[in-house]
Every structure is written in C-alpha cells, then in structure tokens.
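Take a look at the letters that make up each chain.
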Amino acid sequence: MSTSEAPVRTRIAPSPTGDPHVGTAYAALFNLAFARKHGGEFILRIEDTDRTRYVEGSEQQVFDTLHWLGFSWDQGPDVGGPAAPYRQSERLPVYKEVAERLLADGHAYLCWCSSERLTKMRERQQQLKMPTGYDRLCYGKTREERAELPGFTEVPVIRMLVPADGRIAFEDLIRGKITPPEPDDQVLMKADGFPTYHLAVVVDDNAMGVTHVIRGEEWISSTAKHLLLYTWLGWTAPTYAHMPLLRNNDRSKISKRKNPAARLKWFQEEGYLPEALVNFLALMGYSMPEGQEIFTFDEMVESFDFARVNPVGPVFDIDKLNWLNGHYLRALDDESFLTAAEPFLPAGLTREDIRPLVIPLRERTKKLIEIPEQLDWLAAESVEIQPADLAKHGLPAPDAATQLEAFAKNLEQLDPFDKEQITATLDRIVAESGLNRRRSFMTARLALVGKPVSPPLDDTMVALGVARTVARLRQAAAGITA
C-alpha cells in the first residue's frame, strides 16, 4: 500500500538530552495538526540511542511539556500502541537484524577505522578543500587485511555503501522538488551496538507505518540517505515535508546555548499561557486563509494545508508572543486568571489577597512573571516615598502631608471599606481641599506603593485593607513633615 492510500500517520521523535527544545513543540504542532486534519494518528517516539547525551528525567519532561500545551498522541512509550516499544533503546535487536541484512545484500560494509584516524582524515580533506566524507579505506577488506594498516580499532561499525551516483531527488510538500547533496558512507551501527539516527529513523518509521515525515529543514541533506535505505530494504518511503527552522534575530538557528527561549520549560517559567504559545508557534510557519493572527489549534486544523506553510525560516519574535499572551490573559475570567497567577505570587500572598486587583492585573500583564514586580508593595510590610518622585508627581511637601492625613482620617471611618465608598471619600476630600486632584491621588499612590505606577487607587486600597491603608498614609505624612 502506498503512503497516499494508507491512513495518515505522523510522528515526532525527540531525544531525551536535557530540557525539551521549543522546536519539539513546533514540530509536534504541525505533525499533530496534519494528522488530525486527515483523521489520522500521531505517534511520539523517544530517540535515546545517543547514550553519551542521555539525561535522566528528560523523557518525562517531554511528556509533561507537550501535555501542558494540550497535545496528545495516539501511540507512544507512555500510552503503548501496536508498534511498541516506542523507545529506540528497547528496539536494538530490530536494528541489528536490518543492519545484518544490508551487509548480506552488499549495501553495507564493516569499518574498523579509529576515531583518531577519522579525525585526521577529515582535517586533511578540509585542508585540501575536498568534500568531507569517509574514504572507504575499509571497504572490501577483511578484518585481518585492515588490521595491518594504521588507525585500526577492534570493534567495527557498519557503514552504508552509497552507489557511484547516490543523488536522489524527492518531492517535498512544502518546497517542491529537492535534490539533496550526494551522501557519503554514513555509519548505520555504532561500535556500542546502538544504531545511528539514520538507520533507526528509517526502521522505526517503516515499522510504525509513518506515512508523512514532517521535520525541520536541517534534515533535508539526510533525506537521500534515508531514501536509499528504503529502496534497498524494499519498503515504501513516506512523504516528506521539511519545515522552516525557528531563527534568532541574526537569522541563526535558535538554540538553548544562545537563547533561553529555546527551552520549552522557559515559557512556563515566564508565565506564558499554553494557548498563546501554540498560537505563536503556528504563526511562525503558517498563515490562516483570512490572515488572522489570533486563532485556536482547532481552527488551524480545519484550514490546514501545506501550501500555507512558509518555507522561509521565521524570526522568533518575543514581542509578538508577549502581545499574543497579553490577549489570552485578558480573555480569561477572574477565577481562571487567579489560578494562572497563583504560582507567580510573591511569598506570603494568596489568590484572595490579589482578588481586588484581578481586573487591573489582567489588563496590564503580558506574561505572569511580571506579577511579582507589580505586587511588591502588597507583599511588603511598608514602603517609602522617594523625595524625587514626590517632587515630580505629587503635591508640595506641606500640602502632601495635610492631604494624606485627611485621607487617613476619613478612610478609617468607612464601613464597608469598598471601592464605591473609597472613591466618593477621596473625591470629596480633594474637592474640599481645593488641591490638584491628579497630584493628590499621586501623593496617596506614592504613600501606598512607593512608586508612581500601580493599579487604580481604589483597587490598591481595597487590596491593602483599611488598617494598612491608613497606616501607610499616616507613616508617609509623618515622614514628609519630619
């Protein structure tokens, strides 16, 4: 059965080598959207054959972060499936069998070259400005013949034998016809008995019935190797779609070493909503038919078409993500916002403490990690007015002290101490005093929060409560007159 006739089946195959990369979420989004569009299945496979880079706990992080984004898979290590196991380290006998078949059929050979010899070989090729690639010193030789030559190691690897003209063109769903560079004799099985990516990915995609491989454009150059293996093994190759890479402002590939936003966990730590991040990642490679920038995953699925994927690598625009996240935060109801904000509250504050501020916080917050800075005055025992701020924004010192004391005297008598009563009282006192309303209110704000920016004054007072409000007003008044 050709892949065009088979039920659509896509996959992602992250490696457990540390914090999951944002590219994993990006690839998962497009694989999942395409599978759901066609009523197919989405597979999660763990590629853990590089044991030198394996990090304990990374696999669970992959599961957790993708679930946080709202993604689910139909087959995988944690959910099982008909092609189990879904960890490559548990499939070693399968790879060994296929590698031995390629050896027997003359499509692969043993190589005993040491890593030191290979390094010197590549360095010499670079010095001579030659294409780098294995020079086939071991090809056609027995172990004994090769052992007589320099740079020999006891345990061989298995290399694929690329034919004289190994150039293979293929049709890409995003980029049209592609002819990648001619491959060299790639290692298929390492000396430790683990397969390389190139063998394992072909064996696993075939075993799991993957019909469409949707992956980053950095894999274009490897596709010829994979198609050769499919041909030699008599298997039907999947259809390929190579996504544009996510890029930094300087157009370099986004990486965890250069950009903290490359870590998928970073978005949770910064307080982005998963819906906003999914929307953002979709915008990085996809345009909706009507050109809208705010849309849900389900809306993306409904319209999904590879013709709408831009092959040019998008710049990872954090400002655009902040704008999107602010939109999604403002769309939350009060309880949902309080729930989202709760993990980011300063020590000592609860969701009930900030309930009076839910509306101004929701309106002003672009990402939840900004909340502690907005609420430091609420968590603090006391604050101080900076003289420069008072001179710039507030009333002159004698008037400031008088006005603050008037506010305190009248506010402490309020029952209930609510926004309506507070606003009426403040307005009455300002009118009676004849002092500037804006500067009067700014003086009170400085007394209560210690800076000229805060939520509306009545919300601020409700959040502090009557006792703390009056105490801070009187403390500031005393400090001004001292």
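Use the structure listed above.
Predicted, not measured: the structure shown is a model, and the values here were computed from it.

### Notes on the overall build of the protein chain
Counting its secondary structure elements, the protein chain contains 21 helices and nine strands. Here the protein chain has a C-alpha radius of gyration of 32 Å; the compact-globule value for 482 residues is 23 Å, and the former is much larger. The C-alpha extent of the protein chain, read off along each of the three principal axes, is 105 × 50 × 35 Å. Partitioning the contacts of the protein chain with sequence separation of at least 6, the portion at a separation of at least 24 is 74%. On the protein chain, the mean spot of the 56 positive side-chain charges and the mean spot of the 68 negative ones are 5 Å from each other.

### Overview of the packing of helix α3 (residues 92–104) against helix α6 (residues 197–207)
Where α3 contacts α6, the two axes come as close as 10 Å, and the packing angle between them is 105 degrees. Between α3 and α6, the interaxial angle falls into the category roughly perpendicular. Across the interface between the two elements, V94, Y95, V98, A99 and L102 from α3 touch L199, A200, V203 and D204 from α6. For the contact of α3 with α6, a count of residues per class yields eight nonpolar, no polar and one charged.

### Notes on the pairing of strand β1 (residues 9–12)
Side-chain positions along a regular strand alternate between the two faces of the sheet. Two strands pair when backbone bridges link them, and β1 and strand β2 (residues 41–44) are joined in this way by four bridges, in the parallel orientation. Of the residues in β2, the one forming a bridge with R11 is I43.

### Description of the packing of helix α19 (residues 419–433) against helix α21 (residues 457–481)
In the contact formed by α19 and α21, the axes pass within 9 Å of each other and the chain directions differ by 125 degrees. The angle between α19 and α21 places the two elements in the oblique class. The two elements α19 and α21 cross, and the hand of that crossing is right-handed. For the pair α19 and α21, contact is made by K419, I422, T423 and L426 and by L457, D458, D459, M461 and V462, respectively. Of the residues in the contact of α19 with α21, the class split is five nonpolar, one polar and three charged.

### Comments concerning the environment of T481
Turning to its location among the elements, T481 is positioned in helix α21. Note: C-alpha distance between T481 and A400 (81 residues apart in sequence) is 9.2 Å.

### Overview of the packing of aromatic side chains
A full pass over the atoms with the stated rule returns 17 aromatic pairs. Ring centres 5.8 Å apart and planes at 65 degrees place the aromatic pair F170 and Y240 in the edge-to-face group. Here F170, found in strand β5 (residues 170–172), pairs with Y240, found in strand β9 (residues 239–243); they are 70 residues apart in sequence, far enough to count as distant. Summarising the burial analysis for this pair, F170 and Y240 share the class buried. Cluster of aromatic residues (ring-pair linked, three or more members): Y26, F30, F34, Y286, F304 and F306. Positioned over the ring face of Y134 is R159, at 3.9 Å from the centre of the ring.

### As for the pattern of salt bridges
Inspection of every chain in the model, using the stated rule, returns 30 salt bridges. Here R36 and D74 are joined by a salt bridge, their closest N and O atoms 3.1 Å apart. On the criterion of sequence distance, the pair formed by R36 in helix α1 (residues 22–37) and D74 in the loop between α2 (58–68) and α3 is long-range, its members being 38 residues apart. Here R36 falls in the partly exposed class, since its relative accessible area comes to 28%.

### Brief notes about the environment of F295
Summarising the element assignment, F295 is placed in the loop between α9 (274–285) and α10 (297–303). Judged by its relative accessible area of 3%, F295 falls in the buried class. Distance from F295 to N279, taken between C-alpha atoms, is 6.3 Å for residues 16 residues apart in sequence. In this view, F295 contacts N279, A282, L283, M288, M300 and Y328; residues no more than four positions away in its chain are not counted.

### Some remarks on the nonpolar core
Counting residues in hydrophobic clusters, the biggest one holds 102 residues, and the most contacted among them are F30, F267, L281, F316 and L375. When residues in this core are grouped by element, the largest group, 10 residues, is from α1. Not counting chain neighbours up to four residues away, the residues in contact with L375 comprise L345, P346, L349, I354, L357 and L361. Core analysis: the second largest hydrophobic core is formed by 33 residues, I158, I178, L188 and Y230 among them.

### Here we look at the side chain of T223
Looking at where T223 falls in the secondary structure, it is placed in helix α7 (residues 220–233). Here the side chain of T223 touches W219 through a polar contact of 3.1 Å, landing on its backbone oxygen. Other than its neighbours up to four places away in sequence, T223 contacts F170, R215, Y240 and H242.

Criteria and cut-off values
- Residues numbered from 1 in each chain as written.
- Predicted model: local features only at pLDDT ≥ 70, side-chain atom pairs only at ≥ 80, totals over all residues.
- Heavy atoms only, no water.
- Helix = DSSP H or I, 4+ residues; strand = E, 2+ residues; numbered from the N terminus.
- Rg over C-alpha atoms; globule rule 2.2 N^0.38 Å.
- Contact = heavy atoms within 4.5 Å.
- Lys, Arg positive; Asp, Glu negative; His and termini not counted.
- Charge placed at Lys NZ, Arg CZ, Asp CG, Glu CD.
- Axes fitted to C-alpha atoms, helices over the stretch in contact; angles between N-to-C directions.
- Parallel < 35°, antiparallel > 145°, perpendicular 65-115°, else oblique.
- Nonpolar A, V, L, I, M, F, W, Y, C, P; charged D, E, K, R; others polar.
- Pairing = 2+ DSSP bridges.
- Left-handed = near helix turned anticlockwise from the far one by under 90°.
- Phe/Tyr/Trp six-rings, centres within 6.5 Å; stacked < 30°, edge-to-face > 60°.
- Buried < 20%, exposed > 50% of the residue type's maximum accessible area, 1.4 Å probe, protein only.
- Lys NZ or Arg CZ within 6 Å of the ring centre and 35° of its normal.
- Salt bridge = Lys/Arg side-chain N within 4 Å of Asp/Glu carboxyl O.
- Core = buried A, V, L, I, M, F, W, Y, C linked by side-chain atoms within 4.5 Å.
- Polar contact = N/O pair within 3.5 Å; in protein donor to acceptor, adjacent residues only side chain to side chain.

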